[in-house]
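Observations on the three-dimensional arrangement
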Amino acid sequence: MPDADGDAADPVAADVIDPYDLDADELAALLDGLGEPSYRATQVMEWLDRGVDDPHEMTNLPLGLRDRLAASFGPTRPRLVAHTVADGGRTHKLLLEYRDGVAIETVLMLYPDRATVCISTQAGCAMGCPFCATGQAGFRRQLTTGEVVRQVIVAHAVLASGQLSAAVDVQAEAGESTFDLPDGHPDRVTNVVFMGMGEPLANVPATLGTIDWLHDRLGLSARNITVSTVGLVPAIRRLAGHGKPVTLAVSLHASDDALRDDLVPPNRQHPLATVEAAMEHYRATTNRRVSIEWCLIGDVNDSDQQARGLAAIARRTRSHVNVIPMNPTPGVQWEEPSRAAVRRFMDTLERAGANATLRDTRGRDADAACGQLLASYTLGEGRRLPVAVGAAERVDARREPDAPDAPAEPGGAS
Ligand code: SAH
Ligand code: SF4
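Everything in this summary refers to the structure shown in the same document. Being a predicted model, the structure only gives us computed values, none of them experimental. Along each chain, the written sequence defines residue order, and numbers are assigned to residues from 1. Numbering of ligands from 1 and lettering of chains from A proceed in the order in which they are written. Only residues with pLDDT of at least 70 are given local features in this predicted model, and only at 80 or more are side-chain atom pairs given and counted; all residues enter the totals for whole chains, interfaces and linings. Side-chain metrics rest on all non-hydrogen atoms present in the structure, leaving aside hydrogens and water.

Things to note about helix α2 (residues 38-49)
- Only runs of H or I of at least four residues qualify as helices and only runs of E of at least two qualify as strands under DSSP, and these elements are numbered from the N terminus. In this scheme, a helix's expected span is set at 1.5 Å multiplied by one less than its residue total. For α2, spanning 12 residues, the distance from its first C-alpha to its last is 17 Å, which sits close to the expected 16 Å at 1.5 Å a residue.
- Looking at α2, one finds that the buried residues are Arg40, Ala41, Gln43, Val44, Met45, Trp47, Leu48 and Asp49.
- Throughout, a residue-residue contact means that at least one pair of heavy atoms, one from each residue, lies within 4.5 Å. Next to the buried residues of α2 lie α1 (24-33), α3 (63-72), α5 (145-161) and α6 (204-217). Here's how the labels work: a residue is buried when its accessible area is under 20% of the maximum for its type, exposed when over 50%, partly exposed in between, all with a 1.4 Å probe on protein chains only.

Re the site of ligand 1
- Working definition: residue near molecule or strand if any one of its non-hydrogen atoms lies within 4 Å of it. For ligand 1, the set of nearby residues contains 18 residues, the closest of which are Gly198, Ser228, Ser251, His253 and Asn327.
- Throughout this description, a polar contact denotes any pair of N or O atoms lying within 3.5 Å of each other; where both atoms belong to protein, one of them has to be capable of donating a hydrogen while the other can accept it, and for residues adjacent in sequence the pair is counted only when both atoms sit in side chains. Measuring from a nitrogen atom of ligand 1, one finds a side-chain N or O atom of glutamate 199 at 3.3 Å.
- In this structure, threonine 229 approaches ligand 1 through a main-chain N or O atom, which is 3.5 Å from an oxygen atom.
- Relative to its unbound accessible area of 530 Å², ligand 1 is 91% covered by the protein chains.
- Elements that contribute at least two residues to the shell around ligand 1 include exactly β9 (225-229) and β11 (291-296).
- Polar here means any residue outside two lists: the nonpolar Ala, Val, Leu, Ile, Met, Phe, Trp, Tyr, Cys and Pro, and the charged Asp, Glu, Lys and Arg; Gly therefore counts as polar. When grouped by side-chain class, the residues that make up the shell around ligand 1 number 8 nonpolar, 8 polar and 2 charged. Exposure was quantified through the Shrake-Rupley algorithm and a 1.4 Å probe, taking into account, for residues, occlusion by the shown protein chains and nothing else.

Let's talk about the pattern of salt bridges
- Salt bridges are counted wherever a side-chain nitrogen of Lys or Arg sits within 4 Å of a carboxyl oxygen of Asp or Glu. Under the definition given, this model contains 16 salt bridges.
- Between aspartate 53 and arginine 77 there is a salt bridge, and its shortest N-O distance comes to 2.8 Å. Of this pair, aspartate 53 sits in the loop between α2 and α3 while arginine 77 sits in the loop between α3 and β1 (79-86), and the two are 24 residues apart along the sequence.
- Judged by relative accessible area, aspartate 53 falls into the buried class, the value being 9%.
- Taken together, the shared-partner salt bridges connect Asp18, Asp53, Arg77 and Arg150 into one network.

Comments concerning the environment of arginine 316
- Residue position: arginine 316 is located in helix α10 (residues 304-317).
- Measuring from C-alpha to C-alpha, the distance between arginine 316 and alanine 354 comes to 9.8 Å, with 38 residues separating the pair along the chain.
- Sequence-distant contacts of arginine 316, defined by excluding residues within four places in its chain, comprise Glu276 and Glu280.
- One polar contact links arginine 316 to glutamate 276, side chain to side chain, over a distance of 2.7 Å.

Quick word on the site of ligand 2
- Taken together, 9 residues lie around ligand 2, and Cys125, Cys129, Cys132, Gly135 and Val230 are the ones closest in.
- Class assignment for the residues of the shell around ligand 2 results in 6 nonpolar, 3 polar and no charged.

Structural data, given as structure tokens:
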């Protein structure tokens, strides 16, 4: 288990170097150690940032150096094991598997004016939120910076060429690695949200390392990067002090400690008053408005009282509220709220003076809520995956001996 601040990094394979794990200084030191002049590090970095990780394809390097680099950089590409498409080709959900067999989800969402990639920071999650498929499945391990950055590289490859084979190994039975993308969207990643699997602030080294890479090397502005957290207070303060004012989204889901202790178990260590103070600190330090995420669950957190409590917190912290109706998850008995309940909740928020938006859930038909593609893949449930034909049989063979037959009941994961 990671500690609350996520300092317990858990590198995957000490025997190989993932080039995306190296920052500029480390890359320079590696090339220096190979007796190369400093401009070679810049050349290698430019290839990596364009998504080329195979030294044999780095055509401006001498042949001997390409061979020596190939010996240093291990086989660290993830494999594409499943791909679902929704929203008429505008949402692509990828299940990527790393060398040790852990799989994570990355989602690419296309809009006319932006291309957003939703990335995972952990394989699984230890936080145990009972409405979340990832929370039900438990924690596998931390992702390294290279593994998180790689997800953005993969999205880039899709956007630039509609082809994935340059960025991932496509498993034999997966068939195609080409994407039919609709017309009219940017040809590069413009926005990154840390809203995939895992709790980014329980893996601070990889989260900060990825923010640095996105900002310094990909050239994304901090305002186009969003980190979503359950509210791990010390880590919010570290993020505030990092000097890159990314958008902070706090997954609140309840406006009193009694309910939040159940819906967001880390609330027991970091109660609402301390989360609120951390949000206030973040806003004051970075001058950025904080967002509040509220997953609306039928008859659980959709009452007038919860709406008024939420509005009060939003007003005090000057935050913007995003309300997202719960995406039904296999094994979770709770349901999405009725349309009438959603309307009433939004009205109550507005009357109580909150700044709030109702968000649509992208990619419902692609198992797009956090952890759901992995859940249907590993449990062999739900829709057949269009790319990973034969996945269910393969996964059965790999199933962990102690894996549950079905996700835990709501409330049972904490
Ligand atoms: N661990 C972080 C980021 C990943 S989860 C966090 O919890 O903030 C990203 C968002 O997905 C969170 O706001 C989470 O509450 C939401 N989420 C999880 N399961 C969901 C579901 N079944 N329906 C709708 N939103 C869900
Ligand atoms: Fe983890 Fe976020 Fe899911 Fe909670 S909602 S279990 S913190 S991924």
